[in-house]
Amino acid sequence: MTHRPPLRLAFTHISSKLWSGGYNYQRNLFAALNRYRRDEFAPVVFAGVSADGDDLAAFAAIPKVEVVQAAAFDRRRFGLVSALLTGNDRAALAAFREHNIDAVIENARFFGWRLPYPAVAWFPDFQHRRLPQLFSPVARWRRDIGFRVQIAAGRIIMLSSQSALEDCEAFYPNMRGKASVVRFATQPSAELLTADPLGILDQYKLPRSFFYLPNQFWRHKNHQVVIDALAILASRGLDVVVAASGSKDDPREPDYFESLERQVYARALTRNFRYLGMIPMPHVYALLRVCTAMLNPSRFEGWSTTVEEAKSFGVPMILSDLKVHREQTSGTACYFETDDPLKLADHLAGFAQNPYPISARDLLQNLDTRVSTFASDFAQTVQRAFLSAR
């Protein structure tokens, strides 16, 4: 019997600084494939020559993952023009050929309607349709046109939730019954769990009872409602601490973080709302393991990475009342409307006044099933791309 070598799948690097959720999605997908589909797939990550070295080192440390840096994948290139006019992003195609690629996974980049490889296009969400006010007209149309050309080119479309599937079929009716749902799941590796949680609390000077908010500072992530809720609690005489981590940079609104920071100072909440910065993943997991509860107040999600990471440890959660949040948590979290700081304040007060005992949570026992399903669903989607190409 002839042994077939693993299929070499081309991925475009997602920067952790530009989109930490996408970066963590890729890293967890590669780890899941290595754990459950090692003999079937070999991810090849294509990155620009100036890509972040720490990002790429984390990918390269995962067995079976290969990292390639080439100018064809720098952000300021104009490969899309070639892809649209000639049918191929020629520079990218040359790199794929040089590295013996078997199939391509597209994300926010179209490689051409004549791409000679089976291809899967990942649509993380449809935020540009649900929250169009957060996009400039150019950015909104660029994203929508990108989705439409990928659909028209016959890509197999991969989505992250049933909620996203409903949006896809509503906004692009010809996709009914055609897209695949691949729900992200995470299983942190042992090396990411070596940090002592109580030691990390001391390092960041956090109290033993605190709430953790690990989201980038983009407007739709809705840190505003948390600041408003903390002000309500302060007026009640309750001293509640929320620790936030994640990138403070949003190229669409460069001064957004500073505007929130000014509010925190003006409302005398510097003790209550604490920004930790961009912290290492072992520290993220350490804080999840000992926080009173994890917060995600976002106005929109495709499939929340932070919720999925919290689920891995059985962390209590206080979440905005989004359909996808209820889908992810099966209705087991505490929910509040995105513009209801009073309800959020009540949830925070309830947890703060009845805190769980301080002890580091361990990974739950059902992770193998969840993560193997993630890898299996992804594998079936790639197989659909090969069948479609034939």
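Here the structure is a predicted model, which is why all the values come from computation and not from measurement.

A. Examining the overall build of the chain more closely. Within the chain, the secondary structure is distributed over 15 helices and 13 strands. Relative to the globule expectation of 21 Å for 390 residues, the C-alpha radius of gyration of the chain, 21 Å, shows essentially globular dimensions. Along the three orthogonal principal directions, the C-alpha set of the chain runs to about 65 × 50 × 40 Å. Buried residues in the chain amount to 55% of all 390 residues. Excluding contacts between residues fewer than 6 apart, the proportion of contacts in the chain whose partners are at least 24 apart in sequence is 72%. Just so you have it, the chain exposes about 17300 Å², and 52% of that area is on carbon and sulfur atoms.

B. Focus on the nonpolar core. If you look at the biggest cluster of nonpolar residues, it comprises 37 residues, and the most contacted ones within it are Leu9, Tyr25, Leu29, Phe30, Phe374 and Phe378. No other element matches helix H15 (residues 367-389), which puts 8 residues into this core. In this structure Tyr25 touches Trp122, Met158, Ser160, Val182, Phe184 and Phe374, once residues within four positions along its chain are discounted. Grouped together as the second largest cluster of nonpolar side chains are 29 residues, Leu201, Leu287, Val290 and Met294 included.

C. Focus on the packing of aromatic side chains. Taken as a whole and judged by the stated rule, the model has 27 aromatic pairs. When the centroid spacing of 5.1 Å and the interplanar angle of 35° are considered together, the rings of Phe46 and Phe73 count as tilted. With Phe46 in strand E2 (residues 41-47) and Phe73 in the loop between strand E3 (66-69) and helix H3 (79-85), the pair connects residues that are 27 residues apart, well separated along the chain. Both residues of the pair, Phe46 and Phe73, count as buried. Measuring from centroid to centroid gives 5.2 Å for Phe96 and Phe111, while their planes differ by 75°, and the two rings are edge-to-face. With a gap of 15 residues between them, Phe96 in helix H4 (residues 90-98) and Phe111 in the loop between strand E4 (103-106) and strand E5 (119-122) connect regions that are remote in the sequence. Each member of the pair, Phe96 as well as Phe111, carries the same accessibility label: buried. Members of the aromatic cluster, connected to one another through ring pairs, are Phe11, Tyr23, Phe30, Phe41, Phe59 and Phe378. Here the basic side chain of Arg252 rests over the ring of Trp218, its NZ or CZ set 5.4 Å away from the ring centre. In this structure, Arg326 is placed above the aromatic ring of Tyr335, and the distance from its NZ or CZ to the ring centre is 4.0 Å.

D. A look at the environment of Pro188. The residue Pro188 is located in the loop between strand E7 (180-181) and helix H8 (197-203) in this model. Under the relative-accessibility criterion, Pro188 is labelled buried at 6%. The spacing of Pro188 and Gln224 is 36 residues in sequence and 30 Å in space, taken between C-alpha atoms. Setting aside residues no more than four positions away along its own chain, Pro188 makes contact with Leu193, Tyr285, Ser312, Phe313 and Leu363.

E. Highlighting the sheet that holds strand E1 (residues 7-12). Here we have 7 strands laid out as an open sheet, ordered E3-E2-E1-E4-E5-E6-E7, and parallel in their pairing. Of all strands in the sheet, those bounded by a partner on one side alone are E3 and E7. Where strand E6 (residues 156-159) lies against E7, 2 bridges are found, and the strand directions are parallel. Residue pairing for E7: Met158 is matched across the bridge by Ser180. Contacts from H15 reach E1, E2, E4, E5, E6 and E7, with the element oriented near 165° to E6.

F. Structural view of helix H7 (residues 162-171). Those residues of H7 not exposed but buried are Ser163, Ala164, Leu165, Asp167, Cys168 and Phe171. Looking at the buried side of H7, the elements it contacts are helix H5 (127-130), helix H6 (137-152), E6, E7 and helix H13 (323-329).

G. Looking closely at the environment of Arg155. Topologically, Arg155 is positioned in the loop between H6 and E6. For Arg155, a relative accessible area of 8% gives the class buried. In sequence terms Arg155 and Leu115 are 40 residues apart; their C-alpha atoms lie 10 Å from each other. Apart from the residues within four sequence positions on either side, Arg155 is in contact with Glu106, Phe110, Phe111, Gly112, Leu115, Ala119, Ala121 and Gln150. A polar atom in the side chain of Arg155 sits 2.7 Å from the backbone oxygen of Gly112.

H. Expanded view of the pairing of E5. What you see with E5 is no split at all: Ala119 and Ala121 on one side and Val120 and Trp122 on the other are buried throughout. One ladder, built from 3 bridges, connects E4 with E5; its direction is parallel. Of the residues in E5, the one forming a bridge with Glu106 is Ala121. Across 3 bridges, the pairing between E5 and E6 is parallel. Opposite Trp122, over in E6, you have Met158 as the bridge partner.

Rules used in this analysis
Residues numbered from 1 in each chain as written. Predicted model: local features only at pLDDT ≥ 70, side-chain atom pairs only at ≥ 80, totals over all residues. Heavy atoms only, no water. Helix = DSSP H or I, 4+ residues; strand = E, 2+ residues; numbered from the N terminus. Rg over C-alpha atoms; globule rule 2.2 N^0.38 Å. Buried < 20%, exposed > 50% of the residue type's maximum accessible area, 1.4 Å probe, protein only. Contact = heavy atoms within 4.5 Å. Areas by Shrake-Rupley, 256 points an atom, 1.4 Å probe, with all protein chains shown as cover. Core = buried A, V, L, I, M, F, W, Y, C linked by side-chain atoms within 4.5 Å. Phe/Tyr/Trp six-rings, centres within 6.5 Å; stacked < 30°, edge-to-face > 60°. Lys NZ or Arg CZ within 6 Å of the ring centre and 35° of its normal. Pairing = 2+ DSSP bridges. Axes fitted to C-alpha atoms, helices over the stretch in contact; angles between N-to-C directions. Polar contact = N/O pair within 3.5 Å; in protein donor to acceptor, adjacent residues only side chain to side chain.

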